There are 2 protein chains.
Amino acid sequence: MPTPHYGQPRYRSIADELRARIESYAIPPGALLPAESVLTAEFKASRGTIRQAIAVLRDERLVATEHGRGTYAKPRRHENGPDEGSVEAETRQRQIPADRELAALFAVEVGTALVEQQSVTRKNGTVGAVVRTYRLLQTRR
Amino acid sequence: MPTPHYGQPRYRSIADELRARIESYAIPPGALLPAESVLTAEFKASRGTIRQAIAVLRDERLVATEHGRGTYAKPRRHENGPDEGSVEAETRQRQIPADRELAALFAVEVGTALVEQQSVTRKNGTVGAVVRTYRLLQTRR
DNA sequence: AGAAATTTGTCCGTATGTATC
DNA sequence: AGATACATACGGACAAATTTC
């Protein structure tokens, strides 16, 4: 049977099944998933397809894979309760010494003080992006 | 020759080459990349390897692929403000492993790959500010 | 409108390299 | 050193979306 994938591709179905096992704690957090060779036998799919399915979960950050070790289920990030963690400061400003890279850009000595302003944007509590802006200290005369 | 990947895997070298073409505007923003079949011939690599290379760039959000159409180079945002005189912006994009601080913000493990986009604004040749934006690699679904 | 060509998407099977146990 | 497990790479085949004629 070459390649009939009506509706949903095979690797997505397999990803769904594995995701369900992780979310239902059939595969508890921290545990190793079955090896690719085992999954190959169980789902009767080629190794490439199994790897594609695992890649989906990895992109979802539901699992982490280590070369030669295996693939772990990652601990679930549970939602923040109602009056739980207050939102951290969205912006922060501090002074840092210029490293070689920044020093070269600003044409100053390594170690020269720079202002770093960091802002964190969140969406539903999860961080979307971290932006850091570097400037020279303003020396007014 | 089957599979010698000393140092850097083949698909990463190919990704590097294609990235260079995009960043050097050899492939201008919005333009289609050569088809997979063409790249296969040019790099003398299998289609799977070519697709792996393109997947890297897609995760970096440097390109976007459409079924039946092809793969586009995505426009780099320069966002030159309204009549600001001659404000140039250089941008660079690369992957870096998350340090402890960024890992904590994004709630991922230390070492997780992040995309760092750096833009340097210059006015009359002198650097005004360096902005670095950190994001997680694209997640689909 | 329709058929053909092009291009990406999915899947298989196999072989070999590299890291970990 | 051997066994196990993931990573890289090849080549072939068919499916599905888009463009072209």
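Scope of this entry: the structure provided in the associated data block. Remember, it's a predicted structure, so these values are computed and weren't measured experimentally.

Analysis parameters
- Numbers given to residues run from 1 along each chain, matching the order in which its sequence is written.
- Here the convention is simple: chains get letters from A, ligands get numbers from 1, in the order in which they are written.
- Since the coordinates come from a predicted model, pLDDT governs what is reported: local features require at least 70, and pairs of side-chain atoms require 80 or more to be given and counted, while whole-chain, interface and lining totals use all residues.
- Here the side-chain values reflect all heavy atoms present in the structure, with hydrogen atoms and water set aside.
- In this scheme, strands are said to pair when DSSP sees at least two bridges between them.
- Numbering of helices and strands runs from the N terminus, with a helix taken as a DSSP run of H or I at least four residues long and a strand as a DSSP run of E at least two residues long.
- For a helix, the expected span equals 1.5 Å multiplied by the number of residues minus one.
- Buried residues are those whose accessible area, probed at 1.4 Å on protein chains only, stays under 20% of the maximum for their type, while exposed residues exceed 50% and partly exposed ones sit between those limits.
- Contacts between residues were defined by any pair of non-hydrogen atoms, one from each residue, lying within 4.5 Å.
- By convention, the term buried area covers the 1.4 Å-probe accessible surface removed from two parts as they join, with the contributions of both added.
- Salt bridge, as used here, is a side-chain nitrogen of Lys or Arg placed within 4 Å of a carboxyl oxygen of Asp or Glu.
- Any N or O atom pair separated by 3.5 Å or less is treated as a polar contact, with the protein-specific requirement of one donor-capable and one acceptor-capable atom, and with residues adjacent in sequence counted only for side-chain atom pairs.
- Each axis is a line fitted through C-alpha atoms, taken for helices only over the stretch in contact, and angles between the N-to-C directions span 0 to 180 degrees.
- Any angle that is under 35 degrees is reported as roughly parallel, and any over 145 degrees as roughly antiparallel; angles of 65 to 115 degrees are reported as roughly perpendicular and all others as oblique.
- Note that Gly is not counted as nonpolar here; it falls among the polar residues with everything else outside the nonpolar set of Ala, Val, Leu, Ile, Met, Phe, Trp, Tyr, Cys and Pro and the charged set of Asp, Glu, Lys and Arg.
- We call a set of buried Ala, Val, Leu, Ile, Met, Phe, Trp, Tyr and Cys residues a nonpolar core when their side-chain atoms join them within 4.5 Å.

**Some points on the pairing of strand β2 (residues 70-73) of chain A**
Residues and elements named next belong to chain A.
Step number 1: Sheet analysis places strand β1 (residues 63-66) next to β2, joined by four bridges and oriented antiparallel. When the sheet's bridge partners are listed, T65 is paired in β2 with T71.
Step number 2: Connecting β1 to the antiparallel partner β2 that follows it, the hairpin turn spans three residues, and G68 within it adopts a positive phi of roughly 80°.

**Here's the deal with unusual backbone geometry**
Step number 1: A positive phi is found at A:R61, a non-glycine position, where the angle reads about 60°.
Step number 2: Within the secondary structure layout, A:R61 lies in the loop between α3 (47-59) and β1.

**A word on α3(A)**
In an α-helix, one full turn covers 3.6 residues, which means residues spaced three or four apart are oriented alike.
Residue and element names in this part refer to chain A.
Step number 1: Here α3 contains 13 residues, and its C-alpha end-to-end distance of 18 Å stays within 8% of the 18 Å for a straight helix at 1.5 Å per residue.
Step number 2: The set of residues buried in α3 consists of T49, I50, A53, I54, V56, L57 and D59.
Step number 3: Those residues of α3 hidden inside the fold are in contact with α1 (10-23), α2 (36-43), β1 and β2.
Step number 4: A positive phi of about 60° marks R61, the residue just after α3.

**Observations regarding the interface of chain A and chain B**
Step number 1: Facing the 24 residues of chain A at the interface are 27 residues of chain B.
Step number 2: Buried area between chain A and chain B, summed over both chains or domains, comes out near 2,300 Å², and the portion from carbon and sulfur atoms is 49%.
Step number 3: Linking chain A with chain B are six salt bridges.
Step number 4: The partner of B:R92 in a salt bridge is A:E101, with the nearest N and O atoms 3.0 Å apart.
Step number 5: Summed over the shared surface of chain A and chain B, the number is five residue pairs in polar contact (both at pLDDT 80 or more).
Step number 6: Secondary structure elements with two or more residues in the side of chain A that touches chain B: β3 (91-97), α4 (100-106), β4 (113-123) and β5 (126-136) of chain A.
Step number 7: Here the side of chain A that touches chain B gets nine residues from one element, more than from any other, and that element is β5(A).
Step number 8: Sheet topology note: the β5(A)/strand β5 (residues 126-136) of chain B ladder contains five bridges and is antiparallel. Residue pairing across strands places A:R132 opposite B:R132, the latter belonging to β5(B).

**Examining the packing of helix α2 (residues 36-43) of chain B against helix α3 (residues 47-59) of chain B**
All names here are of chain B.
Step number 1: Two elements in contact, α2 and α3, have axes separated by 9 Å at closest approach and are oriented at 110°. Relative to α3, α2 is oriented roughly perpendicular. Listed contacts from α3 to E36, L39, T40 and F43 of α2 are R47, I50, R51 and I54.
Step number 2: Considering only residue class, the contact of α2 with α3 consists of four nonpolar, one polar and three charged.

**A look at the nonpolar core**
Step number 1: If you look at the biggest cluster of nonpolar residues, it comprises 18 residues, and the most contacted ones within it are B:I14, B:I22, B:F43, B:I50 and B:L57.
Step number 2: When contributions to this core are tallied by element, the ones reaching two or more residues are α1 (10-23), α2 and α3 of chain B.
Step number 3: Not counting chain neighbours up to four residues away, the residues in contact with B:I22 comprise B:I27, B:L33, B:L57, B:L62, B:V63 and B:A73.
Step number 4: Listed in part, the 17 residues of the second largest apolar core include A:F43, A:I50, A:I54 and A:V56.

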